[in-house]
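# Examining the three-dimensional arrangement
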Amino acid sequence: RSVNIVAFGNERDGFSEGNQQPSLIRSYLGRSALISQIDGSLSASHVGNPVFSEYQACVFGNVKLVVHDCPVWDIFDSDWYTSCRLIGGADIIVIKYSVNDKASFQELKDSYVPMVKKALNHCSIPVIISAIGARKNGVPCTCPLCTSDRRSCVTTSEGVQLAKELGATYLELHTLNDFYIQKYFGGVLEYFMIQSLNQKSSEKMKKRKKTQKCHRVQPPQLEQPEKMPILKGEASHYNADLHNLLCCCQCADVAFYPEDLSTAVEAHKIILCSVSHLFMLLFGVKSPSDAHDASTVQLAQSLFTVETGDPLPLSPRGVPPCVPPVRVVVKDSVFCACLPDILHFIYSGAFQWERLEEDIKKKLKDPEKTEHVLEKVKCILKSPGKLNSVKDCRSHQIKRLYNTSLRLFFNTPVLADVIFKIQGATVPAHRAVLVARCEVMAAMFNGNYLEANSILVPVYGVSKDTFLSFLEYLYTDSCCPASILQAMSLLICAEMYQVMRLQHICELYIISQLQSMPSRELASTSLSIVSLLKKAKFHNSDCLSTWLLHFIATNYLIFSQKPEFQELSVEERNFVEMHRWPSNLYLKQLADYRNYIHSQKCHCTVM
């Protein structure tokens, strides 16, 4: 048994004549009644001074005590490896400084305490900080003029603060006499020695029990199965899709004009009506009698006029010739000048209010006109029946005003300009939403295809329920499959129309459902995991197919008993056998262990 102590720092204050002030460690070893057989030696030197002194002695009768006393802090700069090795092997650390050497204390605090903390690396080694000497200036004066006293001595509060940083025990030794050396410093040091010896005895006992336990024949250790591949979801680009629809003006069915009909700004009824009841009134989705707020009707009549008759020759892109755009005249010239910025705000999700304020301020450069336009926008977006005008409108408040969505128009004939025919049923939809959210449909409705100029579009290879779930995702950016099979059908539809994010959502749903299925349910289910694997591979769902292979391998004992296991290809079977859990080696070790236990029971005799 042994205790290792490492002491750092110089307790000499530089005022002692000939620098002959006794060493704290040497004084303790020479005076303590518990210490015997002291042997001291000097180690390697640094710039003419010993880097550290090593003392060996006996304490508590037969316990070996090894002390390394390092008066020079430079060991951390010159030999980092040795200093780390000393701290790593220490059971107790002592840090010493003179209360009359403020410069050395400051260097210790700023430069070397961080190094000690780094070398400790969160180890729970007890640390004793010893402030040695009587302050030459007595109690420091607190008046503003006596700054020299504070600079020359290290105060008690500074020492206590240093101890808190290291989680250490703080001691003040005014002189190195018998009381301070043996009773005060020695008592604390010996307490930590006893604690260290008790801890070592406890660890040794635990190690001995563990060794004795290891001599017995242990059952084989079952390793954890290989980690499944992690699928990461794709970020939503719902608002970006709708904003791009405005930028490219595909399928525009409404055009806003100033009163002189000089320019036109194209937009889409379905998007405008999804964010505002005013636009619903304007385009006939709602009648004035349905309006709960008379101010909304008045604002619509004062701000816009829907013209009838032959439209101006626009040739808008992507709109069938049989559906000309509705012409709307904006009566307010200032509002009309800001209409492109307002439409960008609406198509971006109607929540970037600060950006809209900034854009309108730059365009109008008139605070009154800016406030006028912003109030109009607030009134357009506010919920019906609410009288507040939201004077200080910010993004989180605008989100509350944006209370309607494209979900209102999902699977309804209102404003619909295309009808899908599927399994003998019809499903109404809106070209603008389809073009914005699905690149395949954008090419279908804007290219040289029959669907570009057709109202009725047939759909093949997918069920009505699955196609409705697909359209619901396009309109709402969310989907909730009812089962794993429905999620797989929706994944196939998403792959057919190249909507990758929906495909990833379906993959994650299938994985989460299978992961949450208990082993007993997995063994009795009629759901064919191998069939899901085949479909995932056929429809280019590489992430899901790889995960399903790992899933089969991880649940090898369940799937190997099912008839569908024989449908795996040779390559798939080899993969499963290679990654199976539990492994063949574990099963063999388990069989050997059971045979051993059985043989031990057979040899037992009743006394």
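Residues numbered from 1 in each chain as written. Predicted model: local features only at pLDDT ≥ 70, side-chain atom pairs only at ≥ 80, totals over all residues. Heavy atoms only, no water.

- In the nomenclature of an unreviewed UniProt entry, the protein chain corresponds to RHBT3 protein from the organism Malurus elegans.

### Quick notes on the overall build of the protein chain
- Within the protein chain one finds 27 helices and 16 strands.
- By residue count, 45% of the 607 residues in the protein chain fall in the buried class.
- Intrachain contacts of the protein chain at a sequence separation of at least 6 include 66% that bridge at least 24 residues.
- Carbon and sulfur atoms form 53% of the exposed surface of the protein chain, whose accessible area is close to 32400 Å². (Helix = DSSP H or I, 4+ residues; strand = E, 2+ residues; numbered from the N terminus. Buried < 20%, exposed > 50% of the residue type's maximum accessible area, 1.4 Å probe, protein only. Contact = heavy atoms within 4.5 Å. Areas by Shrake-Rupley, 256 points an atom, 1.4 Å probe, with all protein chains shown as cover.)

### Quick look at the sheet that holds strand 15 (residues 425–429)
- Read from one edge to the other, the open sheet built from three strands follows the order 15-14-16, with strand pairing classed as mixed. Every other strand in the sheet has two partners, leaving strand 15 and strand 16 (456–458) as the edge strands with one partner each. On average, adjacent strands in this sheet sit at an angle of 30 degrees to one another, irrespective of strand direction. (Pairing = 2+ DSSP bridges. Axes fitted to C-alpha atoms, helices over the stretch in contact; angles between N-to-C directions.)

### Let's talk about the packing of helix 20 (residues 484–496) against helix 21 (residues 500–515)
- Running from N to C, helix 20 and helix 21 cross one another at 160 degrees; their axes reach a closest spacing of 8 Å. The orientation of helix 20 with respect to helix 21, classified from their angle, is roughly antiparallel. The hand of the helix 20/helix 21 crossing is left-handed. Touching Ile484, Ala487, Met488, Leu490, Leu491, Ala494 and Glu495 of helix 20 are Leu502, Gln503, Cys506, Glu507, Tyr509, Ile510, Gln513 and Leu514, all from helix 21.
- Here the residues of the contact of helix 20 with helix 21 sort into eleven nonpolar, two polar and two charged. (Parallel < 35°, antiparallel > 145°, perpendicular 65-115°, else oblique. Left-handed = near helix turned anticlockwise from the far one by under 90°. Nonpolar A, V, L, I, M, F, W, Y, C, P; charged D, E, K, R; others polar.)

### Topic: the nonpolar core
- With 109 residues, the main nonpolar core has Phe256, Phe420, Phe467 and Phe470 as its most contacted residues.
- Here this core spans two domains, since at least three of its residues come from each of domain 2 (249–309 + 323–384) and domain 3 (513–606).
- Here Phe256 is in contact with Thr263, Ala264, Val265, Ala267, Leu272, Phe279, Phe283, Phe304, Val328, Val330 and Leu339, once residues within four sequence places are set aside. (Core = buried A, V, L, I, M, F, W, Y, C linked by side-chain atoms within 4.5 Å. Domains from an automatic or database assignment.)

### Some remarks on helix 8 (residues 238–248)
- Buried within helix 8 we find Tyr238, Asp241, Leu242, Leu245 and Leu246. Down the axis of helix 8, the buried set is contained in an arc of 145 degrees. They therefore lie on one face.
- Phi turns positive, to about 55 degrees, at Cys249, one or two residues after helix 8. (Arc of directions from axis to C-beta.)

### Observations concerning a nonpolar patch on the surface
- Residues Ile419, Ile455 and Leu456 make up a contiguous nonpolar surface patch of about 230 Å² in total accessible area.
- Along the chain, Leu456 turns up in strand 16. (Patch = residues over 30% accessible without salt bridge, like charges linked within 9 Å, V, L, I, M, F, W, Y side chains within 5 Å. Salt bridge = Lys/Arg side-chain N within 4 Å of Asp/Glu carboxyl O.)

### Some details on unusual backbone geometry
- Residue Pro582 follows Trp581 across a cis peptide bond; omega there is -5 degrees.
- With respect to the element layout, Pro582 can be found in the loop between helix 26 (570–579) and helix 27 (584–603).
- Of note in this structure, Asn411 is not a glycine but carries a positive phi near 55 degrees.
- Positionally, Asn411 belongs in the loop between helix 16 (395–401) and strand 14 (418–422).

### Remarks on the side chain of Ser560
- In this fold, Ser560 is placed in the loop between helix 25 (556–559) and helix 26.
- A distance of 2.8 Å separates a polar side-chain atom of Ser560 from the backbone oxygen of Tyr556. (Polar contact = N/O pair within 3.5 Å; in protein donor to acceptor, adjacent residues only side chain to side chain.)

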